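For reference, the chains in residue letters:
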Amino acid sequence: MRVAFSKYCNSRDIMDLFCIATGLPRNTTISLFTTDDCMVSIDPTMPANSESTPYKVIPVATGQQTEKEELFQNLLAQVIEQLARVFKINELKAEVANHLAMLEKRVELEGLKVVEIEKCKSDIKKMRDEMAARSNRTSCPCKYNFLDENKKLMPQREVLSYPKYILSQQTIEALRKPTFDVWLWEPNEMLSCLEHMYHDLGLVKDFNINPITLKRWLLCIHDNYRNNPFHNFRHCFCVTQMMYSMISLCNLQVKISQMDIFVLMTASVCHDLDHPGYNNTYQINARTELAVRYNDISPLENHHCAVAFQILAQPECNILSSVSQEQFKQIRQGIITLILATDMARHAEILDSFKEILNNFDYSNEEHVMRLKMVLIKCCDISNEVRPMEVAEPWVDCLLEEYFMQSDREKSEGLPVAPFMDRDKVTKPTAQIGFLKFVLIPMFETITKLFQEVEEVMLQPLWESRDRYEELKQTDDATKEHYNGHKAPLEVCQVQAMRWCNETSGTKQC
């Protein structure tokens, strides 16, 4: 019997043709031999034969499948063969498996957490900013562009994604005390605590603030604090919580107006908005955009005020939308005055001004109350040492990290470096002793003359902190004595503190 087939047939089809031609069932496995018993490969390339040289078909095994199963198997085999040819499934599987194994190994080896990845991104951004600043140094002295399109003047999250925390009674009571541990709380929890303060003080009710608008405003405030080591959103919360505790401790709500309370709280929330991590001295010496814009007069504090009111100018974040024009004017002026008062270059001026009226202080005198509010926000801004040691000391490390970051940059750019910021000259004890003895303690002693309750709760911890750092300094001096043969005189601390007040011009000590 003659069998003809196309060169496009596969081996199975040719084998089936031979089975049909010889009367064998389909799916029978056969072998093909020449007349001299040589086996022939059954495929489209097999040599043609003739009547004189016929092939012999020898059945090897017979399949037991039904016709439907046989049809399905043939169809499946064809599909698999075509897919394997077109897509090379096996190769793809092997490649994907190898790639996944490499990724899993990389994740396992590196073990990077989300926080570490974000920190890397932040470091890369800082490096890019610094490189851009250096490259533009000769052509443009304005290193920081604070009006770029990336400003976050609208909250980056919807209010619905802002979790509502139910504060326990224990937390509510702790919030009113200077001993509150600000390190235990995540940003969303701090936002809820701030929200609670505005409700608890009656500010939401008295100024007819929409609760949703308050949430949006607080979210926007959070988004406009940078991730600096010290001047960040946690510092904002820390200052505001201390103000809240002072309002409670000194019973201020029965002594000054609700508008004054609102100004104190809101100025505390906004007082370091968009702080770049480099103080006024750097801004002025480096001739940055801020220094040029504000004529070297408290450039950072003026910028904080501007950002605060840019946020309030957004209808979705305007917590003052219900106040009258005259009330808005008074509140705006009050907030600006208090934020500008946080410039440490004005420390002596503001404290002396308050001392002048202290003996005849009159709560009905608007000027007296304004000077009191200026001293209060200054106290809160640099109040970390009022807190327990385990809460206060990490802030010192954060501040020194920010100082060293600035001094390193000043050295690289050939700018003057303040000794209290120089990592090669300053130590934690010497920095804190001078600041406590000649800045913090005198200011809190002054405020204690008006509010006696401050002495036990706030002044006593400052005395204890001073004594602790003096002991640390003595220990450090003892270990270094064999290098220099004598201990550094205490006057060094005083000189450092006075120089600190004269030179910082805006960066706050803890």
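Since the structure is predicted, the reported quantities are computational estimates derived from the model, not experimental observations.

Chemist: Explain the overall build of the protein to me, please; I cannot follow it from the model alone.
Modeler: Along the protein, the regular secondary structure elements total 20 helices and three strands. Taken across its 510 residues, the protein has 45% of its residues classed as buried. Taking all contacts inside the protein whose residues are at least 6 apart in sequence as the whole, residues at least 24 apart take part in 74%. Counting every atom, the protein has about 26900 Å² of accessible surface; 54% of that belongs to carbon and sulfur.

Chemist: I keep staring at the packing of helix α13 (residues 299–312) against helix α14 (residues 325–340) and nothing clicks. Help me out?
Modeler: Helix-helix packing is characterised by the crossing angle of the two axes and by the distance between the axes. Interhelical geometry of α13 versus α14 gives an angle of 150° and a closest axis separation of 8 Å. Relative to α14, α13 is oriented so that their crossing is right-handed. For the pair formed by α13 and α14, the contact residues are Glu301, Asn302, His304, Cys305 and Phe309 on the first element and Phe328, Arg332, Ile335, Ile336, Ile339 and Leu340 on the second. Residues that form the contact of α13 with α14 fall into these classes: seven nonpolar, two polar and two charged.

Chemist: What am I meant to see in the packing of aromatic side chains here?
Modeler: The description of an aromatic ring pair uses the distance of the two centres, along with the angle that the planes make with each other. By the definition in use, this model includes 13 aromatic pairs. For the pair Tyr198 and Trp217, a centre-to-centre distance of 5.8 Å together with 70° between the ring planes defines the contact as edge-to-face. You can see Tyr198 sitting in helix α6 (residues 187–200) and its partner Trp217 sitting in helix α8 (residues 211–223), a full 19 residues away along the chain. Taken individually, Tyr198 and Trp217 each receive the classification buried, so the pair is uniform in this respect. Aromatic ring contacts, followed pair by pair, group Tyr198, Phe207, Trp217 and Phe262 into a single cluster. Just above the ring of Phe309 sits the side chain of Arg332; from NZ or CZ to the centre is 4.6 Å. Between the NZ or CZ atom of Arg409 and the centre of the ring of Tyr278, over which it lies, the distance is 5.1 Å.

Chemist: Before we go on, may I ask you to explain unusual backbone geometry in this structure?
Modeler: Most peptide bonds take the trans form, and the phi angle of most residues other than glycine is negative. Although it is not a glycine, Asn208 adopts a positive phi angle of roughly 50°. With phi around 40°, Ser298 is a residue other than glycine that occupies positive phi space. Note on placement: Ser298 falls in the loop between α12 (289–293) and α13.

Chemist: How do you make sense of α14 when you look at a structure like this?
Modeler: Side chains that are three or four residues apart share a direction in an α-helix, a result of its 3.6 residues per turn. Between its first and last C-alpha, α14 extends 23 Å over 16 residues, near the 22 Å set by a 1.5 Å rise per residue. For α14, every residue scored as buried is listed here: Ile331, Gly334, Ile335, Ile336, Thr337, Leu338, Ile339 and Leu340. Along its buried surface, α14 packs onto α10 (258–270), α13 and α16 (366–381).

Chemist: Can you walk me through the nonpolar core in this structure?
Modeler: Generally speaking, soluble globular proteins have nonpolar side chains that are buried together. If you look at the biggest cluster of nonpolar residues, it comprises 111 residues, and the most contacted ones within it are Trp217, Met265 and Phe444. Sequence-distant contacts of Trp217, defined by excluding residues within four places in its chain, comprise Tyr198, Thr266, Val269, Cys270, Ile311, Leu312, Cys317 and Ile319. Core analysis: the next-biggest nonpolar cluster, separate from the first, contains 10 residues, Phe18, Cys19, Ile30 and Leu32 among them.

Chemist: Help me understand helix α9 (residues 233–249), please; the structure alone is not making it clear to me.
Modeler: Helix length check: α9, at 17 residues, gives a terminal C-alpha distance of 24 Å against a target of 24 Å (1.5 Å per residue), a fit within 8%. Among the 17 residues of α9, 15 are classified as buried, and the element is accordingly described as predominantly covered. The opening residue of α9, the one whose side-chain oxygen lies 3.2 Å from the backbone nitrogen of Arg234, is Asn232. Residue Asn251 follows α9 closely and has a positive phi angle near 55°.

Chemist: Quick question: what am I supposed to make of the environment of Leu400 here?
Modeler: Considering the arrangement of structural elements, one finds Leu400 in helix α17 (residues 389–412). Each C-alpha atom, one on Leu400 and one on Pro229, is 8.8 Å from the other, the two residues being 171 residues apart in sequence. Excluding residues within four positions of it along the chain, Leu400 makes contact with Val426 and Lys428.

Chemist: How do you make sense of the pairing of strand β1 (residues 29–33) when you look at a structure like this?
Modeler: Remark: a regular strand shows side chains that alternate across the two faces of the sheet. A large share of β1 lies buried, amounting to four of its five residues. With two bridges connecting them, β1 and strand β2 (residues 39–40) associate as antiparallel partners. Following the sheet pairing, Leu32 is matched in β2 by Val40.

Chemist: Where do I start with a nonpolar patch on the surface in this structure?
Modeler: A cluster of nonpolar side chains, contributed by Phe72, Leu76 and Ile80, occupies part of the molecular surface with about 290 Å² of accessible area. Turning to its location among the elements, Ile80 is positioned in helix α2 (residues 67–87). By relative accessible area, Ile80 is classed as partly exposed at 48%.

Chemist: In this structure, what is going on with the pattern of salt bridges? I would like to understand it.
Modeler: Two side chains of opposite charge can pair, provided their charged atoms sit close to one another. Summed over the entire model, instances satisfying the criterion amount to 20 salt bridges. Ionic pairing is found between Lys56 and Asp37, a salt bridge with its closest N-O pair at 2.6 Å. With Lys56 in strand β3 (residues 56–61) and Asp37 in the loop between β1 and β2, this residue pair connects regions lying 19 residues apart in the sequence. Given the relative accessible area of 36%, Lys56 is considered partly exposed. The class of Asp37 is exposed, set by a relative accessible area of 53%. Among the charged side chains, a network of salt bridges with common partners joins Glu356, Glu367 and Arg371.

The rules we used
Residues numbered from 1 in each chain as written. Predicted model: local features only at pLDDT ≥ 70, side-chain atom pairs only at ≥ 80, totals over all residues. Heavy atoms only, no water. Helix = DSSP H or I, 4+ residues; strand = E, 2+ residues; numbered from the N terminus. Buried < 20%, exposed > 50% of the residue type's maximum accessible area, 1.4 Å probe, protein only. Contact = heavy atoms within 4.5 Å. Areas by Shrake-Rupley, 256 points an atom, 1.4 Å probe, with all protein chains shown as cover. Axes fitted to C-alpha atoms, helices over the stretch in contact; angles between N-to-C directions. Left-handed = near helix turned anticlockwise from the far one by under 90°. Nonpolar A, V, L, I, M, F, W, Y, C, P; charged D, E, K, R; others polar. Phe/Tyr/Trp six-rings, centres within 6.5 Å; stacked < 30°, edge-to-face > 60°. Lys NZ or Arg CZ within 6 Å of the ring centre and 35° of its normal. Expected span 1.5 Å × (residues − 1). Core = buried A, V, L, I, M, F, W, Y, C linked by side-chain atoms within 4.5 Å. Polar contact = N/O pair within 3.5 Å; in protein donor to acceptor, adjacent residues only side chain to side chain. Pairing = 2+ DSSP bridges. Patch = residues over 30% accessible without salt bridge, like charges linked within 9 Å, V, L, I, M, F, W, Y side chains within 5 Å. Salt bridge = Lys/Arg side-chain N within 4 Å of Asp/Glu carboxyl O.

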